[in-house]
Amino acid sequence: VEGRGITRYDARRRSFPEVAMKLFNGRPIQEVDLALFVENQAKFSPEAYLPYAGQYIAYSGDGTRIVAGAETEEELDRKLEALGLHFSEVVYSYVPPDGVAML
Amino acid sequence: MPLRYPYKPVRTGQPVLSLGGRWVRPQALVPVTLVGPAGMVAGYGRLDTAADDTVFPERLAAQVGIDLTNAPPGVASGIGPGTISVRYAQVTLRIAQGTERHEWTAWVGFTAARLRYPLLGFAGFLQFFTATFHGDLEHVELTVNRLNPGT
């Protein structure tokens, strides 16, 4: 359930055990809800990945968009930091280079 | 009830010969959360029935506060020449889909070698599930088995 950019648990779903709330940039870190993420991420079109071929990417925690991409994981983390995002608020992935089969 | 993950379709810039010329490669990837004493991090892992262990990049251990200083070491090999060093730690893993959520404790490896995706191999991951790969439907179903020590 999305509200003002904050991902909240749907009360109908059973949530994982609570972990201590941590702060980042003076605000609470919003834990990724994997079930919500999977539901939204499945709506991505295959073409959405074309601009990120060969890059490490980070999805928003609710799975509705790709927030950043970079050639290396370190650069990606720097971009997330610049965007004011904590690493616990995104879902990491990778897009294979075009024409390269992953073994 | 199984957790069903559609294969992730990635568009290619040219037809894929080995898939009959289609322009999309489907990938069996599952989002998983790694939970440590100082936090958690989520990312897509690659279901790998040929991998003996579940292995994450070392940088993720640092992010969630897992100290690998005195972790038991190991050696692994895969694609490419040579071997890589891994260090093992007990972690909590989570997956979720629909109304199903599962969390368990497992021994996983961490490596400084560059991994495109964490490897979700037998030890730590696939040992706890019955995995059915539907090649025609392009999704994988994971059903918790009796070995799963979690919730």
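Residues numbered from 1 in each chain as written. Chains lettered and ligands numbered in written order. Predicted model: local features only at pLDDT ≥ 70, side-chain atom pairs only at ≥ 80, totals over all residues. Heavy atoms only, no water.

Participant: Looking at this structure, I do not really get the pairing of strand S11 (residues 129-134) of chain B. What am I missing?
Facilitator: The side chains of a regular strand alternate between the sheet's two faces. Residues and elements named next belong to chain B. With six bridges connecting them, S11 and strand S12 (residues 139-144) associate as antiparallel partners. Within the sheet, the bridge partner assigned to Ala-131 lies in S12 and is Leu-142. Counting the residues between successive antiparallel strands, the hairpin from S11 to S12 contains four residues, one of them, Glu-138, with a positive phi of roughly 55°. (Pairing = 2+ DSSP bridges. Helix = DSSP H or I, 4+ residues; strand = E, 2+ residues; numbered from the N terminus.)

Participant: Whenever I open this one, helix H1 (residues 34-41) of chain A confuses me. Can you help?
Facilitator: Residue pairs spaced three or four apart in an α-helix point in one direction, given the helix's 3.6 residues per turn. Residue and element names in this part refer to chain A. With seven of its eight residues buried, H1 lies for the most part within the structure. Listing the buried residues of H1 in full gives Leu-34, Ala-35, Leu-36, Phe-37, Val-38, Asn-40 and Gln-41. Residue Asp-33 occupies the N-cap position of H1, its side-chain oxygen lying 3.1 Å from the main-chain nitrogen of Ala-35. (Buried < 20%, exposed > 50% of the residue type's maximum accessible area, 1.4 Å probe, protein only. Polar contact = N/O pair within 3.5 Å; in protein donor to acceptor, adjacent residues only side chain to side chain.)

Participant: Looking at this model, I keep getting lost on the sheet that holds S12(B). Mind explaining?
Facilitator: In any sheet, the strands associate via hydrogen bonds between backbone groups, in a parallel or an antiparallel arrangement. All names here are of chain B. Read from one edge of the open sheet, three strands run S1-S12-S11, paired in antiparallel fashion. Edge strands, defined here as strands with exactly one partner in the open sheet, are strand S1 (3-6) and S11. Along the sheet, successive strands turn relative to each other by an average axial angle of 20°, direction set aside. Pairing geometry for S1 and S12, over four bridges, is antiparallel. Paired with Arg-4 across the two strands is Glu-141, which belongs to S12. (Axes fitted to C-alpha atoms, helices over the stretch in contact; angles between N-to-C directions.)

Participant: Would you take a moment to explain the interface of chain B and chain A for this structure?
Facilitator: It is common to give the size of an interface as the accessible area lost on bringing the parts into contact. Across the boundary between the two partners, chain B contributes 39 residues, which contact 40 residues of chain A. Carbon and sulfur atoms supply 55% of the area that chain B and chain A bury against each other, a total of about 3700 Å² over both sides. Linking chain B to chain A there are seven salt bridges. One salt bridge connects Asp33(A) with Arg101(B), and the closest N-O pair in it is separated by 3.3 Å. (Contact = heavy atoms within 4.5 Å. Buried area = accessible area lost by both parts, 1.4 Å probe. Salt bridge = Lys/Arg side-chain N within 4 Å of Asp/Glu carboxyl O.)

Participant: What's the story with the confidence of the model for chain A in this structure? I'm lost.
Facilitator: Caution is warranted with low-pLDDT regions, since their predicted coordinates should not be read in detail. Model confidence for chain A is summarised by a mean pLDDT of 83, while 80% of its residues fall at 70 or above. The low-confidence segment residues 1-13 of chain A, where pLDDT is below 50, has 26 contacts with residues more than four positions distant or belonging to other chains. (pLDDT = per-residue confidence, 0-100.)

Participant: Sorry, what's going on with unusual backbone geometry here?
Facilitator: For residues that are not glycine, phi is negative in most cases, and the peptide bond is trans in most cases. Non-glycine residue Asn25(A) carries a positive phi angle of around 55°. Here Asn25(A) shows up in the loop between strand S3 (23-24) and strand S4 (27-28). Notably, Glu138(B) is not glycine yet its phi reads approximately 55°, a positive angle. Locating Glu138(B) in the fold gives a position in the loop between S11 and S12.

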